[in-house]
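Chain residues, written in single-letter form:
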Amino acid sequence: MRLGAHSILNVAEARDRARSRLPRGLFEYIERGTEDEVGLIEAKRSLDSVTFNPRVLVDISNRDATTSIFGTRQPLPLVVAPTAIAGLIWYDGEVELAKAAAAAGIPFCVSTQSITSVERIAEESRARLWFQLYVWRNRDRAIQLVKRAERAGAEALVLTVDTAVAPNREYNIRNGFGIPIKPSLRAGLDCVAHPRWFVTVFAKYLRNGGVPTYAHYPDEFRTALGRVAVADEISLAQDVSWEDVRTLRSAWKGQLILKGVLRADDAVRAAELGVDGIVVSNHGARNLDGAATPATCLPEIVDRVGHRLTVLADGGVRRGSHVAKYIGMGAQGVLLGRSVLYGLAIGGAEGAGAVLDIFRRELLTTMGFLGAPSIPDIVGTVVPARG
Ligand SMILES: Cc1cc2nc3c(=O)[nH]c(=O)nc-3n(C[C@H](O)[C@H](O)[C@H](O)COP(=O)(O)O)c2cc1C
Ligand SMILES: CCCCCCC(=O)C(=O)O
């Protein structure tokens, strides 16, 4: 696919173009890990150490990456992961991501920290939506948010369980970008130094009523300038527990998914409480530096709960072959975080769509080499990491 003057061959090229286009602080917010960033190195190493053991002499002339996730057929085993403040990467970024997901026939997961509301994304994209929840200290308000997502038509509620405390992202302190968003001189200069982004994203928001902030926070916490004033009630709760999972299970009729599970015993407990699925994830190595990687934890988890739960995975996926590795280790679907954000940064829905198309092509190529004409055939062709 052509975007501007250059074609994008792979996700790495999309990343390089995103880096030159975005303010440095915003790019680092997307790209980096925490503390010593051991987790980022480990994410790559562990996925690279998973290998393939292909079948030969299989007719692969009709390869099909269609799969079912929670009983719904979709053309690819992919989901666009929840990512905070994607609307700062491209004008109306969350709507653009949802449109790209809709065009590819895969779900888009809206983040609690989105700057566009789940209602508007639903209205403007017609995508299949999932909603990611960070539980606020005030549980009544958290449930009100869940009800909003339900009314907007979200199919699945994704409770993120791996962010009990604020991650130590030191680079965000230095570069002035972070969560919650706080204006600073350094961030301002960084923005102005990237005129293409400044004109097409920031100035466009200013012309159209101001830079939006978190869309899901209740109106009474907004200042006169529309910013969200950080208040205790809507801070992320540090006491989220299995009791919250029980409450959400009764409040939410759709699919309930826990995102950020790395232990088989937690996965078993989730299944016992009636949860429908889990995402085996270490949050893209953005939270606990040194956390185990999804590629090393997935096989045991699938072994223990694969017959009771839909097991999804994410982290470090930059190639179609990475998707095949997670699928081969038993995941039923794979979430894409940074990869689609690179596409978004360089071309909105078209750029994110180009990245999804790269995944489709690379996955079909990998399936061809594996002797796997369909998604279930991938299982059994992958040799898991040794730890
Ligand atoms: C910029 C950015 C923002 C994110 N925001 C959220 C979020 O709001 N909620 C959440 O559960 N995960 C969030 N994540 C984590 C992703 O959902 C996903 O787990 C992770 O990005 C997967 O790793 P990958 O980026 O290597 O694909 C975010 C990730 C990125 C890169
Ligand atoms: C207090 C931590 C908030 C993080 C919210 C966004 C997110 O999940 C991310 O990875 O960034």
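Residues numbered from 1 in each chain as written. Chains lettered and ligands numbered in written order. Predicted model: local features only at pLDDT ≥ 70, side-chain atom pairs only at ≥ 80, totals over all residues. Heavy atoms only, no water.

Taking an unreviewed UniProt entry as the reference, the protein is identified by name as L-lactate dehydrogenase (Cytochrome) belonging to Azospirillum rugosum. What UniProt records for the protein under Sequence similarities (unreviewed entry) is the sentence "Belongs to the FMN-dependent alpha-hydroxy acid dehydrogenase family." Regarding the protein, the UniProt comment filed under Cofactor (unreviewed entry) reads as follows: "FMN". (UniProt positions renumbered as here; feature names shortened; annotations may be inferred.)

A. Structural detail: the site of ligand 1. In the vicinity of ligand 1, 22 residues are found, and the nearest of them are P82, S111, T160, D314 and G316. A distance of 2.8 Å separates an oxygen atom of ligand 1 from a polar backbone atom of G316. At 3.0 Å from an oxygen atom of ligand 1 is found a side-chain nitrogen or oxygen belonging to R318. Surface burial for ligand 1 is 99%, taken as the share of its 600 Å² of free accessible area covered by protein chains. Contributing elements (two or more residues each) for the shell around ligand 1: helix 2 (24-31) and helix 14 (338-370). Classifying every residue of the shell around ligand 1 by side-chain character gives seven nonpolar, 10 polar and five charged. (Near = heavy atom within 4 Å. Polar contact = N/O pair within 3.5 Å; in protein donor to acceptor, adjacent residues only side chain to side chain. Areas by Shrake-Rupley, 256 points an atom, 1.4 Å probe, with all protein chains shown as cover. Helix = DSSP H or I, 4+ residues; strand = E, 2+ residues; numbered from the N terminus. Nonpolar A, V, L, I, M, F, W, Y, C, P; charged D, E, K, R; others polar.)

B. Local environment of the side chain of R141. Relative to the helices and strands, R141 resides in helix 6 (residues 139-151). The residues touching R141, leaving out its near neighbours within four places in the chain, are W136, P218, E220, F221, E233 and I234. (Contact = heavy atoms within 4.5 Å.)

C. Geometry of the site of ligand 2. Taken together, 12 residues surround ligand 2, and among them Y29, Y134, R169, H283 and R286 come closest. Contact between ligand 2 and Y134: an oxygen atom at 2.5 Å from a side-chain N or O atom of the residue. Here an oxygen atom of ligand 2 and a side-chain polar atom of R286 are 2.8 Å apart. In isolation ligand 2 exposes 340 Å². Once the protein is present, 88% of that is buried. A per-class count over the shell around ligand 2 returns seven nonpolar, three polar and two charged.

D. Structural detail: the pairing of strand 11 (residues 277-280). Both faces of strand 11 are covered, namely the face carrying G277 and V279 and the face carrying I278 and V280. In this structure, strand 10 (residues 255-261) lies alongside strand 11, joined through four bridges in parallel fashion. Opposite I257, over in strand 11, you have G277 as the bridge partner. The β-α-β motif built from strand 10, the intervening helix 11 (residues 264-272) and the parallel element strand 11 has right-handed crossover chirality. Pairing of strand 11 with strand 12 (residues 310-314) involves four bridges; the strand directions are parallel. Looking at strand 12, one finds that V279 is bridged to L312. (Buried < 20%, exposed > 50% of the residue type's maximum accessible area, 1.4 Å probe, protein only. Pairing = 2+ DSSP bridges. Right-handed = clockwise from strand over helix to strand, strands pointing away.)

E. Molecular detail of the pattern of salt bridges. Applying the stated criterion to the full structure yields 24 salt bridges. Note that R128 and E155 form a salt bridge whose closest N and O atoms lie 3.0 Å from each other. Of this pair, R128 sits in the loop between helix 5 (118-125) and strand 8 (129-133) while E155 sits in the loop between helix 6 and strand 9 (156-160); the two residues are 27 residues apart in sequence, bridging distant segments of the chain. What makes E155 partly exposed here is its relative accessible area of 29%. D357 is the partner of R361 in a salt bridge, and the nearest nitrogen-oxygen pair spans 3.8 Å. Taken together, the residues span about one helical turn, with R361 and D357 both in helix 14 at a distance of four residues. (Salt bridge = Lys/Arg side-chain N within 4 Å of Asp/Glu carboxyl O.)

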